[in-house]
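# Per-entry structural report
As a plain string of letters, each chain reads:
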Amino acid sequence: LRRRLEDRNEEKQCFAEVLAHARASLASIQLWEQLLPLQRTGVERAIVQGGRVLLADEMGLGKTIQAIAIAWVLRKDWPVLIVCPSSLRGAWGREWRDRLAGASLTPSDIHVLETATDAGKPLRAVNIVSYDLVGRLADAQLQRVGVLILDESHYIKSVDAKRTQFLLPWLKRI
C-alpha cells in the first residue's frame, strides 16, 4: 500500500511538472491568458492525457483555441495536420495566425491546402486540409505528422466511408 501511495505521489508530481511547463509555454506567447478557465481545464486535461482527447464542448465555447493551445504545447511533434470541412479551412488559418501572433510561427509556416496540387507539396509546420482533400496526401507526408486535429469529427462517423478508412490508421498511429 505504501508503495502504491508513493507511486501516486510521483505520478502527481510528474503531472504537475508537465502542466507547469505547458502553462509556461503558453504564457510565453500570451496564449494562456487568452484561455477562459473552462478552456484551461480542457487544455490541461489533454496535456495530462498526452494530447489524445476529444473536445466535445458546445458550439462557441472555444474548442479551436483549445486545440491550438494543445498543439502548441506538443510542437516538438510537429508538423500539425488539421482536417476540417472545406468551409472552415480559412477560419482555421486565421485562428492560427491571430492566436499565435506573438510566437515564432510565421504566416508562411501555415499552409491551407485548397487543391489537389497543394496536397502534393511538402508539409509545413501547420497544415489545414479538408476532409475531401485529405485522401490526396501521400503516405510519406502523413508519416511526418505528429499532431492531428479533426474538426467536426462526425465527418468520419461512417466506418464504410473512404475518408474514415483513410484517417483511422493515422489516428491510431499518432
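Provided above is the structure to which this section pertains.
As a starting point, this report considers the structure included with it. From a predicted model like this one, the values you see are computed outputs, not experimental measurements.

### Some details on the pairing of strand β3 (residues 126-130)
Burial analysis of β3 places 5 of its 5 residues in the buried class, the great majority of the element. Going residue by residue along β3, you find V126, I128 and S130 tucked away on one face and N127 and V129 tucked away on the opposite face as well. As judged from the 5 bridges shared by strand β1 (residues 80-84) and β3, these two strands associate in the parallel manner. Across the sheet, the residue bridging to I82 is I128, located in β3. Pairing analysis gives 3 bridges linking strand β2 (residues 110-112) to β3, with the strands arranged parallel.

### What to know about the nonpolar core
Of all hydrophobic cores here, the largest spans 34 residues; its most connected members are W78, W92, W96, L100 and I128. Among the elements that take part in this core, helix α3 (residues 63-73) stands out by supplying 8 residues, more than any other. Not counting chain neighbours up to four residues away, the residues in contact with W96 comprise I68, A71, W78, V80, I82, L105, I110, V126 and I128. The next biggest cluster of nonpolar side chains, apart from the first, holds 18 residues, and it includes A119, L123, L137 and V145.

### Some words on the sheet that holds β2
Taken in spatial order, the 4 strands of this open sheet run β2-β3-β1-β4, and their pairing is parallel. The sheet is open, and its two edges are formed by β2 and β4 (147-150), each paired on a single side. The average angle at which neighbouring strand axes cross in this sheet is 15°, direction not considered. Taken together, the 4 bridges between β1 and β4 define a ladder with parallel strand orientation. Each bridged residue has a counterpart across the sheet, and for V80 the counterpart in β4 is V147.

### Digging into the packing of aromatic side chains
Considering all chains together, one arrives at 3 aromatic pairs under this definition. Ring geometry for W78 against W96: centres 5.9 Å apart, planes inclined by 75°, an arrangement best described as edge-to-face. Taken together, the residues W78 in the loop between α3 and β1 and W96 in helix α4 (residues 89-99) connect sequence positions 18 residues apart. Here the two residues W78 and W96 agree in accessibility, since each one is buried. Measuring from centroid to centroid gives 4.9 Å for Y131 and Y155, while their planes differ by 15°, and the two rings are stacked. On the criterion of sequence distance, the pair formed by Y131 in the loop between β3 and α6 (139-144) and Y155 in the loop between β4 and α7 (162-173) is long-range, its members being 24 residues apart. For Y131, a relative accessible area of 3% translates into the label buried. Owing to a relative accessible area of 33%, Y155 belongs among the partly exposed residues under this scheme. Taken together, W72, W78 and W96 form an aromatic cluster joined through their ring pairs.

Here is what the cut-offs are and how they apply
Residues numbered from 1 in each chain as written. Predicted model: local features only at pLDDT ≥ 70, side-chain atom pairs only at ≥ 80, totals over all residues. Heavy atoms only, no water. Buried < 20%, exposed > 50% of the residue type's maximum accessible area, 1.4 Å probe, protein only. Helix = DSSP H or I, 4+ residues; strand = E, 2+ residues; numbered from the N terminus. Pairing = 2+ DSSP bridges. Core = buried A, V, L, I, M, F, W, Y, C linked by side-chain atoms within 4.5 Å. Contact = heavy atoms within 4.5 Å. Axes fitted to C-alpha atoms, helices over the stretch in contact; angles between N-to-C directions. Phe/Tyr/Trp six-rings, centres within 6.5 Å; stacked < 30°, edge-to-face > 60°.

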